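# Tertiary structure, described
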Amino acid sequence: ERLASQFGLSDDELDQIELIVVDLNDDSQLDALASCTRAIATVIGPYALHGEPVVRACVKNGTHYVDITGESQWVRSMIDKYGSKAAANGTFVVSSCGFDSVPSDLGAWMMVTAMKNKTKDRCVSVAGYLVKADQNNRITSSGPKPLGGTLLSLLIAFERMRLGEISDPLLLADAPLRHRQGKTRMPQLLPGFDWHLRTFTGHFAMAWINQKTVMRSASLLPSLYGTDFTYSEGMATSNPIKVCLVSFFSIMLYMFLMLPFGPKLCHRIIPATSQTPPPLPEKYKPGSLEWQFVARGKNGTLLKGRVTAPDEAGYTETAKMVIESALSLALQEDEVRQAFDGKQGGVVTPAVLAPVLMSRLRTRGMTFIAGLE
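In what follows, the accompanying structure is described. Position numbers for residues count from 1 along each chain, tracking the sequence in the order it is written. Local features are withheld for residues below a pLDDT of 70 in this predicted model, meaning they are given only at 70 or higher, and side-chain atom pairs are given and counted only at 80 or more; totals for whole chains, interfaces and linings count all residues. In computing side-chain properties, one takes all heavy atoms of the structure into account and sets aside hydrogens as well as water.

### Some details on the overall build of the protein
To be explicit about the condition: Helix and strand assignments follow DSSP, with helices taken as H or I runs no shorter than four residues and strands as E runs no shorter than two, numbered in order from the N terminus. With a 1.4 Å probe rolled over the protein chains alone, any residue whose accessible area is under 20% of its type maximum counts as buried; one over 50% counts as exposed, and the rest are partly exposed. Whether two residues are in contact is decided by their heavy atoms, any of which lying within 4.5 Å being enough. Per-residue and other accessible areas follow the Shrake-Rupley method at a 1.4 Å probe size, with only the shown protein chains counted as cover for residues.
Within the protein, the regular secondary structure consists of 16 helices and 11 strands. Taking all 373 residues of the protein together, the buried fraction comes to 51%. Long-range pairs, those at least 24 residues apart, make up 79% of the contacts in the protein with a sequence separation of at least 6. Put simply, the protein shows about 18400 Å² of open surface, and 57% of that area lies on carbon and sulfur atoms.

See the structure below:
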């Protein structure tokens, strides 16, 4: 009813929307849900606790699946468990279809494609930087209120993930890229400076997730990315003090969470938060989202690119991204398959949907621009 009021739906229109309640512990209910639709978008985490039953039902019934997880080790387990079967029966399982990792993944795909189409050079590396991600339009008098699922997902990741998995940028990649050593570095931790963008750069926490997603895309689309492609990611700002402080506190936090008692202590000191996004303030002002990219060719060609969105990242734009990802598969399945070199399905990434998904996101206000240096 709250959504109906927000979008101006009449009672008759509201009655036409069917609400289906299922128990995640009941496979028969999940099978019934998956069998009556073309695609399912799930946004409830932590996925390590709640995600697999939905994936299993979707793959079993040939229903496409999308989510907004940032839990890389869980995605790896879904690849190993369901990748072959999903590919065999033509099901697309697409994780990280929100702020993690659509801007990064589509941005990298855009830069690699632009290098191929606009020059005779071949792209060998892309660096992505988060420039702006306003979320202050959701901050109330008591401060920002992150979702409980987001915080719990982070803690579970550190409880279950080994150090080698956290730092491995190729964790999600398939062979032969999976076994490549030494060419792809872990995300930037220390302050730096990008001379092409002329800006200070620093650590961005989501780079641990986004880099792995982009490198999986490279392994799924080798004819486009090649076998020596690398991706790096950070934040960009004109304030050198900011990047130093972010790096320092990030390193301290990671060191604490890697201690045996770190995540358990956080469970005690972090207050429980609602799974419902905080309400819009009375005087709502949309934020904005901006990423910048620098692509380098094998022969030295440089391209710059930008991805922007008109609203804040954590709620509004993520909702657009995951829904448009699901609609890409539900309504334009044949176009997705054609862009994926004719492959029928599998556990894939947003970049596999890129030609269709980017077009849909542009109609929702996002921009994707790449050009020569």
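### Quick word on the sheet that holds strand S3 (residues 92-94)
Sheet strands line up and pair through hydrogen bonds in the backbone, either parallel or antiparallel. Filter applied, for reference: Strands were regarded as paired on the criterion that DSSP finds at least two bridges between them. Think of each axis as a best-fit line through the C-alpha atoms, taken over the contacting stretch in the case of a helix, with angles from 0 to 180 degrees between the N-to-C directions.
Judged by pairing direction, the sheet is parallel, and its 4 strands sit side by side in the order S1-S2-S3-S10 without closing on themselves. Each end of this open sheet is capped by a strand with a single partner; those strands are strand S1 (39-42) and strand S10 (346-348). Between one strand axis and the next, the sheet turns by 15 degrees as a mean value, whatever way the strands run. Strand direction decides the pairing type here: strand S2 (residues 64-67) and S3, joined by 2 bridges, are parallel. Paired with tyrosine 65 across the bridge in S3 is valine 93. Along the sheet, helix H5 (residues 52-61) makes contact with S1, S2 and S3, crossing S2 at roughly 155 degrees. Along the sheet, helix H14 (residues 313-331) makes contact with S1, S2 and S3, crossing S2 at roughly 170 degrees.

### Looking at the pattern of salt bridges
Rules: Here a salt bridge means any side-chain nitrogen of Lys or Arg lying within 4 Å of a carboxyl oxygen belonging to Asp or Glu.
As enumerated under the stated definition, the model contains 12 salt bridges in all. One salt bridge in this structure joins aspartate 31 and lysine 60, with 2.9 Å as the shortest N-O distance. Of this pair, aspartate 31 sits in helix H3 (residues 27-35) while lysine 60 is found in helix H5, placing the two residues 29 residues apart along the sequence. Note on lysine 60: relative accessible area 53%, which makes it exposed. For arginine 216, the salt bridge goes to aspartate 174, with nearest N and O atoms at 2.9 Å. Taken together, the residues span a long stretch of sequence, with arginine 216 in helix H10 (residues 207-220) and aspartate 174 in the loop between helix H9 (163-167) and strand S5 (192-194) at a distance of 42 residues. Residue classification places arginine 216 among the buried positions, given a relative accessible area of 4%. Because the salt bridges share partners, they merge into one network encompassing Asp27, Glu52, Arg56 and Lys81.

### Comments concerning unusual backbone geometry
Excluding glycine, a negative phi dihedral is what most residues carry, and trans is how most peptide bonds are arranged. Note the cis peptide between aspartate 100 and serine 101, where omega equals 10 degrees. Of note, serine 101 is situated in the loop between S3 and helix H7 (102-118). Not every positive phi belongs to a glycine, and serine 96 is a case in point at roughly 60 degrees. Structurally, serine 96 can be placed in the loop between S3 and H7. One non-glycine residue, arginine 198, adopts positive backbone phi at about 55 degrees.

### Some words on the packing of aromatic side chains
Threshold: Two rings belonging to Phe, Tyr or Trp (six-membered ring only in the last case) form a pair when the distance between their centres is within 6.5 Å. Interplanar angles under 30 degrees mark stacking, angles over 60 mark edge-to-face geometry, and anything in between is tilted.
In total, this model carries 9 aromatic pairs according to the counting rule given. Residues tyrosine 47 and tryptophan 74 carry aromatic rings whose centres are separated by 5.6 Å and whose planes lie at 40 degrees to one another, so their mutual orientation is tilted. Note that tyrosine 47 is positioned in helix H4 (residues 47-50) and tryptophan 74 in helix H6 (residues 72-89), a separation of 27 residues in sequence. Residue classification places tryptophan 74 among the buried positions, given a relative accessible area of 6%. Their ring planes at 75 degrees and their centres at 5.2 Å tell us that phenylalanine 248 and phenylalanine 249 sit as a pair that is edge-to-face. An aromatic cluster is present here, built from Phe99, Phe204, Trp291 and Phe293 joined pairwise through their rings.

### Some words on H6
Using the following cut-off: A helix is expected to reach a length of 1.5 Å times the quantity of its residues less one. At every residue, the bend is computed as the angle between two fitted axes, covering the seven residues ending there and the seven beginning there respectively.
Along its 18 residues, H6 runs 24 Å from first to last C-alpha, staying within 8% of the 26 Å computed at 1.5 Å per residue. The axis of H6 is deflected most strongly, by about 60 degrees, at tyrosine 82. Phi turns positive one or two residues past the end of H6, at glycine 90, with a value near 80 degrees.

### With respect to the packing of H7 against helix H16 (residues 354-362)
Formally: In this scheme, a crossing is called left-handed if the near helix is turned counterclockwise away from the far one by less than a right angle; it is called right-handed if the turn is clockwise. Under the scheme applied here, ten amino acids are nonpolar (Ala, Val, Leu, Ile, Met, Phe, Trp, Tyr, Cys and Pro), four are charged (Asp, Glu, Lys and Arg), and all others, including Gly, are polar.
Orientation of H7 relative to H16, taken along the N-to-C sense of each, is 115 degrees, at an axis distance of 11 Å. Between H7 and H16 the crossing geometry is left-handed. Contacts between H7 and H16 involve Val102, Leu106, Trp109 and Met110 from the former and Ala354, Pro355, Leu357, Met358 and Leu361 from the latter. The residue makeup of the contact of H7 with H16, split by class, is 9 nonpolar, no polar and no charged.

### Looking at the nonpolar core
Cut-off, in case you're wondering: Here, the term nonpolar core denotes a set of buried Ala, Val, Leu, Ile, Met, Phe, Trp, Tyr and Cys residues that are joined through side-chain atoms within 4.5 Å.
In this structure, Val126, Tyr225, Phe229, Tyr231 and Trp291 are the most contacted members of the largest nonpolar core, which totals 58 residues. Broken down by element, this core gets its largest block of residues, 9 residues, from H7. Residues within four places of tyrosine 225 in sequence aside, it is in contact with Asp105, Ala108, Trp109, Val112, Arg122, Cys123, Ser217, Ala218 and Ala351. By size, the runner-up hydrophobic cluster in this structure holds 20 residues, among which are Ala57, Tyr65, Val75 and Val347.

Taken by themselves, the reported measurements are silent on function.
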